[in-house]
Amino acid sequence: MSDNNLVSPNSAPHSDVEDIKRRSNYLRGSLEETLQDPITGSIPEDDNRLMKFHGSYMQDDRDLRNERQKQKLEPAYQFMLRVRAAGGVVTPEQWLMMDRVAQKYGNGTIRLTTRQSFQLHGVLKWNLKDTIREVNESLLSTLAACGDVNRNVMCNPNPYQSEIHGEVYEWARKISDHLDPRTRAYHEIWLDGEKVLDSRDNEEQEPIYGPVYLPRKFKIGVAVPPSNDVDVFSQDLGFIAVIEGGQLKGFNVTVGGGMGMTHGDPLTYPQVGKVIGFCTPEQTIEVAEKTVMIQRDYGDRAVRKHARFKYTIDDRGIDWFVNELSSRLGYKLEEARPFQFDHNGDRYGWVKGSNGKWHFTLFIQNGRIKDEPDYPLMTGLREIAGIHTGDFRLTANQNLVIANITSHKKKKVMELIQKFGLTDGANDSALRRNSMACVALPTCGLAMAESERYLPSLLDKIEQILEENGLREEDIVIRMTGCPNGCARPMLAEIAFIGKAPGKYNMYLGGGFSGNRLNKLYKENIGETEIVDSLRAIIAHYAKDRHEGEHFGDFVIRAGYVQEVLDGRQFHS
Amino acid sequence: MELQVTNSPFNQEQVELLNRLLPTLTEAQRTWLCGYITALQGTAAGIATVAVPTSQISPAPVAPAVSKDVTVLFGSQTGNCHGLAKKLSKQLEEQGFQVTLSSMSDFKTNALKKVENLLLLVSTHGEGEPPDNAISFYEFLHSKRAPKLDHLAYSVLALGDTSYEFFCQTGKDFDKRLEELGGKRLTPRVDCDVDFDEPAAEWINRVLQSLTELTAAPGTAAPTAISAASLSASAESEYSRSHPFQAEILENLNLNGRGSERETRHLELSLEGSNLQYEPGDSLGVYPENHPQLVEDLITAMDWRGEEAVATDKNGTERPLREALLRHYEITVLTKPLIEQVAKLTGNSGLQELLSAGREAELRAYIQERDLLDLVEDYGLKGIAASEFVTTLRKIPARLYSIASSPSAYPDEVHLTVRTVRYEAHGRNRYGVCSVQLAERAQIGDKLPVFVQHNSNFKLPANPDTPIIMIGPGTGVAPFRAFVGEREESGAQGKNWLFYGDQHFSTDFLYQIEWQRWLKDGVLTRMDVAFSRDTDKKVYVQHRMLEKSKELYQWLEEGAYVYVCGDEKRMAHDVHAALTAIIEREGGMSPEKAAEYVSLMQQQKRYQRDVY
């Protein structure tokens with residue numbers, strides 16, 4: 001096996017992060033020591049880089065930053081802790097554990113993420129160990145929830161075809177397990193695992209990743225058509241389930257998608273994955289492993305902004321990759337099978353699955369689970385978890401499915417749903433039901449503008465326009481992020497806002513309704529008034545001139561508001 | 001009354017000058033001037049002009065052959081007794097006496113037998129306890145080792161606070177004990193309340209006069225009288241306790257982060273133009289103003305008029321009642337003497353009953369956490385004229401705060417760290433007079449009357465290489481900010497170790513980023529923190545000390561000085577116990593040996609406390 005990172009597309013020296021990883025002794029660094037430093041709630045930057053691999057990064061409450069500096073206090077350092085569950089499936093016991101640690105150690109809320117994970121915010125350094133221990137005791141993990149490794153494997157929580165879903169989910173879980181880092185550092189640092197002198201050589205310690213791990217994060221998603229809720233084309237590696245005659249035959253494979261970019265740097269861009277062939281279910285693990293290892297060996301380790309797999313593919317060409325993969329697999333992928341996606345949003349409310357059990361999909365605004373004075377969502381879900389015998393499924397759109405409810409329990413669950421007024425979004429506009437925002441301020445260190453705290457009020461204003469035009473029930477995908485890293489996958493939305501500065505956003509239009517096409521910059525650096533004025537005109541135009549069944553994202557291209565983007569490399573052109 | 005040639009001994013030009021000058025004087029300036037002229041006149045004419053009622057002076061009961069040697073001993077916590085002792089010594093020396101001035105802890109007890117004239121100045125601390133630097137001497141004198149003192153002439157000046165049950169207890173104890181050992185009183189003991197300037201000056205005058213008379217030889221000058229004003233006049237600055245400087249507030253912010261149960265103000269005051277000098281370890285006295293709402297409520301409750309002129313001092317200086325209650329009189333503390341005077345003044349039967357024999361405990365309980373408004377409301381005192389009532393009140397005392405800045409680091413500035421005191425008692429919200437003024441009403445740009453209170457009992461080691469261990473939880477950390485800042489500025493190489501604690505790490509870590517910087521720069525060698533409300537287990541500084549027992553003892557063996565600042569009742573006692581336990585454990589000593597080790601440290605000034 002090649003020692004990874006020897007092959008780099010440019011000869012520039014490796015980035016400092018590569019050096020930190022290399023020196024870290026398989027993600028240990030000086031974490032054990034710095035976590036205990038009682039004088040600061042922070043950890044040094046080098047350790048924070050490693051901390052990500054353990055599923056957490058340091059943040060601070062940016063609302064308080066200036067105030068605290070005046071008060072001669074350090075920033076309100078706190079840690080975001082990401083808890084992953086492949087495919088977003090958790091038991092009621094696990095839900096109750098998350099609820100408990102959120103109250104006990106976090107800020108009293110839970111954030112469902114766009115990758116079907118949980119996020120806790122506001123965990124203090126001193127409480128990290130207890131939190132991670134409790135998470136692990138409940139058989140969930142934070143390991144590799146962030147960092148330059150494979151992240152949570154996403155999977156469609158399709159409640160309509162529960163048997164197929166179960167099968168697909170099993171493959172997603174196997175891929176996920178297979179790509180877990182093997183370092184013992186996690187157990188040593190968080191779970192008081194015994195420190196043993198590790199005599200294994202590099203290959204044994206991290207057989208897939210090696211001592212320097214990947215050049216950048218790596219994302220895998222598994223979609224079950226006709227739903228593209230996992231935004232399979234946004235993934236570094238995607239699998240699209242092929243179901244024939246009610247049987248799971250295998251998966252079409254997509255490679256090279258990715259969202260993140262940097263404002264003002266046209267060499268960075270979002271990209272949609274390309275379908276390269278078909279594999280059987282049994283081949284998926286091998287395909288995933290070899291793909292990850294190709295990226296490990298060929299990804300750019302000099303420039304982190306250029307280190308994602310999409311650039312490796314675009315720089316070397318898709319044919320190069322297909323050949324490299326074939327030679328590592330020892331066989332060629334079969335030709336891709338036909339597939340059809342209809343949408344990438346969630347379907348809300350009650351459905352009965354093919355297994356005879358019931359599923360209820362809740363609309364969770366921006367994935368935030370909390371108690372509001374007039375909406376005790378967190379309490380309601382806690383009560384339901386207390387009696388529920390099925391499971392919970394976190395959707396890729398930050399919503400939640402109370403899944404596999406037996407007929408016996410259905411009445412009780414319905415009563416609780418009613419008691420706490422939990423909503424499937426039926427009273428919200430279709431636009432709101434198809435909305436997503438990232439966390440952004442005050443905790444995210446990257447945010448340039450508000451997102452989660454702002455989108456709901458912007459939607460109020462856009463809803464008015466929709467109502468004036470009779471479009472309240474029209475499904476339109478709208479997404480917002482506080483920075484161009486793309487956590488809420490805004491580059492695939494029909495309408496998107498990406499933060500530039502406080503109160504200022506770039507506005508993008510024209511993404512595909514089923515997550516199949518990137519959008520394009522419509523207006524740069526605009527505030528709310530201009531956003532609302534622009535949308536008022538376009539929506540009115542859409543209401544008047546749209547074709548039967550024509551989605552908003554398709555209309556704005558036909559009407560000439562923006563050009564169609566077929567490949568990420570045209571995103572900025 | 002306007003001065004005229006006809007009603008005064010001055011000529012026309014003098015009258016005009018005086019009439020121009022006098023109306024512009026502040027109260028403090030008048031007091032100062034009064035004392036200054038008195039002193040000047042005394043020196044020039046050799047005549048005592050401050051009337052000392054001779055009836056109050058004890059006849060000299062001592063043997064005729066009197067030495068000119070006088071020993072002045074002081075026991076001082078905040079520096080008041082020390083300051084008074086220095087003044088007294090200076091006066092004595094000017095009268096030709098040979099003075100030995102010493103703190104009680106520095107005084108060699110075996111020399112006591114040879115002392116013929118002893119003047120003892122001591123404050124009382126907490127619940128009737130001696131101040132730190134009086135403890136060893138107090139214990140010696142009350143032990144069986146105490147010598148017979150048949151040849152001793154002595155007098156005691158006791159400082160205290162009538163709002164405490166054991167008012168001037170330490171002074172009383174010394175006075176009684178010296179008598180038991182055979183000593184003869186030179187003049188009667190004087191017990192001073194918080195406003196000690198005048199009675200202390202009187203005591204000094206009597207002592208001087210008495211000693212001079214006893215030792216008088218033909219041709220010896222009579223004693224120079226000393227006034228209250230000149231007592232606290234310092235050589236460096238015209239500003240003092242009795243003549244405070246109006247310091248402008250440059251900064252006033254809350255050091256506690258959002259969500260804290262605490263509020264701690266960080267104040268930066270300008271000393272520019274004052275010539276006031278201080279050293280790390282000194283305190284700043286601040287004269288506060290009472291809460292305007294409480295003043296209004298009191299005026300309303302008594303049916304007084306806020307504009308009515310009342311006397312604000314014994315010289316009869318008049319001010320409107322509202323202003324007098326705001327700035328001149330204490331209205332938030334009830335004391336037994338106050339209640340006695342009010343009872344006498346009003347003849348109120350309820351009060352007289354409360355004061356009757358056998359009800360002491362009830363009285364003590366009543367005056368706890370109650371103020372003047374409670375008293376007038378509870379006993380229906382309406383109808384008493386304001387001008388009479390105010391004569392029963394104490395002058396509002398200055399609040400002392402350990403200075404939080406190094407003068408080298410912040411020239412012309414002085415910083416304070418003040419915890420806001422708010423609580424509820426007897427159905428009303430109560431406020432710390434000064435702390436709430438600073439938290440709620442003092443704005444940047446406002447001025448506060450301040451003076452420097454030197455504290456020689458809390459000073460950095462003279463040797464810059466000596467390691468120091470500082471224990472200062474809560475606002476007790478204030479002087480250590482001054483210490484570390486000073487050691488940084490002076491480039492002192494000695495190691496510095498700080499123990500700090502409060503409730504919560506996130507919100508209550510006072511001056512956190514400064515300690516972090518000092519740690520990073522190596523100025524602060526170590527820092528250990530204890531946050532008591534962050535975990536189920538309540539952890540305090542003494543627990544951290546015990547955890548670091550071995551290293552701490554190592555530092556002590558290297559000659560480290562130990563400083564403790566903050567709460568006396570619990571923290572200082574627990575820290576003391578921890579320190580003794582560490583010495584016992586790490587030094588392999590018996591409890592007695594360890595206690596001796598600590599006593600020795602105290603004698604060597606290696607264990608200094610500024611506790612309150």
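All figures in this text were calculated on a predicted structure; none of them were measured in a lab.

**What to know about the domain arrangement of chain A**
Domains assigned within chain A are domain 1 (213–343), domain 2 (347–418) and domain 3 (428–568). Put simply, the middle of domain 1 of chain A and the middle of domain 2 of chain A, counted by C-alpha atoms, are 32 Å apart.

**Looking at the UniProt feature "domain: Nitrite/sulphite reductase 4Fe-4S" (unreviewed entry) in chain A**
Mapped onto the present numbering, the UniProt feature "domain: Nitrite/sulphite reductase 4Fe-4S" (unreviewed entry) falls on residues 171–332 and 432–561 of chain A. As annotated, residues 432–561 of chain A has a helix share of 32% and a strand share of 21%, and its two end C-alpha atoms lie 23 Å apart.

**Topic: the environment of B:Val99**
Residues and elements named next belong to chain B. Within the secondary structure, Val 99 sits in strand 2 (residues 98–103). In this structure the C-alpha to C-alpha distance between Val 99 and Leu 510, which are 411 residues apart in sequence, comes to 44 Å. Here Val 99 is in contact with Val 70, Val 72, Ser 89, Leu 92 and Glu 93, once residues within four sequence places are set aside.

**Some words on the pairing of strand 8 (residues 237–244) of chain A**
Residue and element names in this part refer to chain A. Most of strand 8 is tucked away: six of the eight residues are buried. Two elements, strand 7 (residues 220–223) and strand 8, share four bridges in a ladder whose sense is parallel. Looking across to strand 8, one finds that Ala 223 is bridged to Ile 240. When strand 8 meets strand 9 (residues 247–255), the two strands line up antiparallel, connected through eight bridges. Within strand 9, the position partnered with Val 242 by the bridge is Gly 250. Count of turn residues in the strand 8/strand 9 antiparallel hairpin: two residues, of which Gly 245 carries a positive phi of about 60°.

**Quick notes on empty space enclosed by the protein**
One pass over the structure, following the stated rule, counts five cavities of 30 Å³ or more. Taken as a whole, the largest cavity spans an internal volume of roughly 210 Å³. B:Ser105, B:Asp132, B:Asn133, B:Gln602 and B:Tyr607 are, among the 15 residues lining the largest cavity, the residues nearest its centre. Going through the elements one at a time, helix 22 (591–603) and strand 21 (607–611) of chain B are the ones with two or more residues in the lining of the largest cavity. The two domains that each donate at least three residues to the lining of the largest cavity are domain 2 (69–214) and domain 5 (468–611) of chain B. Here the second largest cavity is characterised by a volume of approximately 80 Å³. Residue lining of the second largest cavity: A:Asn344, A:Gly345, A:Asp346, A:Tyr348, A:Asn397, A:Asn399, A:Arg433, A:Asn434, A:Ser435, A:Met436, A:Val477 and A:Arg479, and that is the complete set. Looking at which domains feed residues into the lining of the second largest cavity, each of domain 2 (347–418) and domain 3 (428–568) of chain A gives three or more.

**Points about unusual backbone geometry**
Residues and elements named next belong to chain A. A cis amide bond links Pro 225 with the next residue in sequence, Pro 226, at an omega value of 10°. Looking at the secondary structure, you find Pro 226 in the loop between strand 7 and strand 8. The peptide bond linking Leu 441 to Pro 442 adopts the cis configuration, its omega dihedral lying at 10°. Relative to the elements of secondary structure, Pro 442 occurs in the loop between strand 18 (435–437) and helix 16 (455–468). The backbone phi angle of Gln 116 is positive, close to 60°, even though this residue is not glycine. Secondary-structure assignment places Gln 116 in the loop between strand 4 (110–112) and strand 5 (118–123).

**Some remarks on the environment of A:Lys544**
All names here are of chain A. Within the element layout of this structure, Lys 544 appears in helix 17 (residues 528–545). What makes Lys 544 exposed here is its relative accessible area of 66%. It is 22 Å that separates the C-alpha atoms of Lys 544 and Ala 496, two residues lying 48 residues apart in sequence.

**Observations concerning the state of the cysteines**
What the rule picks out here adds up to zero disulfides over all chains. Here A:Cys155 stays unpaired: no disulfide links it, and the sulfur of A:Cys279, its closest cysteine neighbor, is 14 Å away.

**Quick look at the interface of chain B and chain A**
Facing the 21 residues of chain B at the interface are 15 residues of chain A. Of the roughly 1,500 Å² buried between chain B and chain A, counting both surfaces, carbon and sulfur atoms make up 56%. Area buried by chain B at its contact with chain A is led by B:Arg258, B:Phe505 and B:Ile513, which between them contribute 31% of it. Here chain B is connected to chain A by two salt bridges. The salt bridge partner of A:Glu67 is B:Arg258, with a shortest N-O separation of 2.7 Å. Summed over the shared surface of chain B and chain A, the number is ten residue pairs in polar contact (both at pLDDT 80 or more). Broken down by secondary-structure element, the contributors of at least two residues to the side of chain B that touches chain A are strand 7 (245–254), strand 8 (264–270), helix 17 (505–508), helix 18 (512–521) and strand 19 (526–531) of chain B. For the side of chain B that touches chain A, a count of residues per class yields nine nonpolar, eight polar and four charged.

**Section: the UniProt feature "binding site: siroheme" (unreviewed entry) in chain A**
Residue and element names in this part refer to chain A. With numbering aligned to this structure, UniProt lists the feature "binding site: siroheme" (unreviewed entry) at Cys 487. Within the secondary structure, Cys 487 sits in the loop between strand 19 (478–481) and strand 20 (495–501). Owing to a relative accessible area of 44%, Cys 487 belongs among the partly exposed residues under this scheme. Setting aside chain neighbours within four positions, we find Cys 487 in contact with Thr 114, Cys 438 and Thr 481.

**Remarks on the packing of helix 3 (residues 80–94) of chain B against helix 6 (residues 197–215) of chain B**
All names here are of chain B. It is at 11 Å that the axes of helix 3 and helix 6 come closest, and there the two elements cross at 30°. With respect to helix 6, the axis of helix 3 lies roughly parallel. Considering how the two elements wind past one another, helix 3 and helix 6 form a crossing that is right-handed. Of the residues in helix 6, those touching helix 3 at Leu 84, Leu 88, Gln 91 and Leu 92 are Ala 200, Trp 203, Ile 204, Leu 208 and Leu 211. Split into classes, the residues belonging to the contact of helix 3 with helix 6 amount to eight nonpolar, one polar and no charged.

Quick notes on the rules
- Position numbers for residues start from 1 in each chain and track the written sequence from start to end.
- Lettering for chains starts from A, numbering for ligands starts from 1, and both go in the order in which the items are written.
- Only residues with pLDDT of at least 70 get local features here, since the model is predicted, and only at 80 or more are side-chain atom pairs given and counted; chain-wide, interface and lining totals rely on the full set of residues.
- Remark: hydrogens and water are excluded; side-chain values derive from all non-hydrogen atoms of the structure.
- Where each domain starts and ends comes from a domain assignment, either automatic or drawn from a database.
- UniProt positions are given in the numbering used here, feature names are shortened, and annotations may be inferred rather than shown by experiment.
- Working definition: helices are DSSP H or I runs of at least four residues, strands are E runs of at least two. Numbering for both runs from the N terminus.
- The contact rule is simple, with two residues in contact once any of their heavy atoms fall within 4.5 Å.
- The buried label goes to any residue with under 20% of its type's maximum accessible area, the exposed label to any with over 50%, and the partly exposed label to all in between, with areas taken from a 1.4 Å probe on protein chains only.
- Paired strands, in this sense, are two strands between which DSSP finds at least two bridges.
- With a 1 Å grid spanning the protein atoms alone, the term cavity applies to any set of points in which a 1.4 Å probe fits but cannot get out, the term pocket to an open set with protein on both sides within 12 Å along at least five of seven lines, and the term lining residue to any residue with an atom within 4 Å of a point.
- Grid points are joined across faces, edges and corners, and a volume is the space filled by probe spheres set on the points.
- We call a pair of cysteine sulfur atoms a disulfide when they lie within 2.5 Å.
- Throughout, the accessible surface (probe 1.4 Å) given up by two parts as they are put together, summed over both, is called the buried area.
- When a carboxyl oxygen of Asp or Glu lies within 4 Å of a side-chain nitrogen of Lys or Arg, that pair is called a salt bridge.
- In protein, a polar contact means a hydrogen-donor-capable atom and an acceptor-capable atom, both N or O and within 3.5 Å, with residues adjacent in sequence counting only if both atoms are side-chain atoms; elsewhere, any N or O pair within 3.5 Å suffices.
- Here the nonpolar group is Ala, Val, Leu, Ile, Met, Phe, Trp, Tyr, Cys and Pro; Asp, Glu, Lys and Arg are the charged ones; every other residue, Gly included, is treated as polar.
- To define axes, lines are fitted to C-alpha atoms, for helices over the stretch in contact only, and angles between the resulting N-to-C directions are given on a 0 to 180 degree scale.
- For classification, angles of less than 35 degrees are called roughly parallel, those exceeding 145 degrees roughly antiparallel, those between 65 and 115 degrees roughly perpendicular, and all remaining angles oblique.
- In this scheme, a crossing is called left-handed if the near helix is turned counterclockwise away from the far one by less than a right angle; it is called right-handed if the turn is clockwise.

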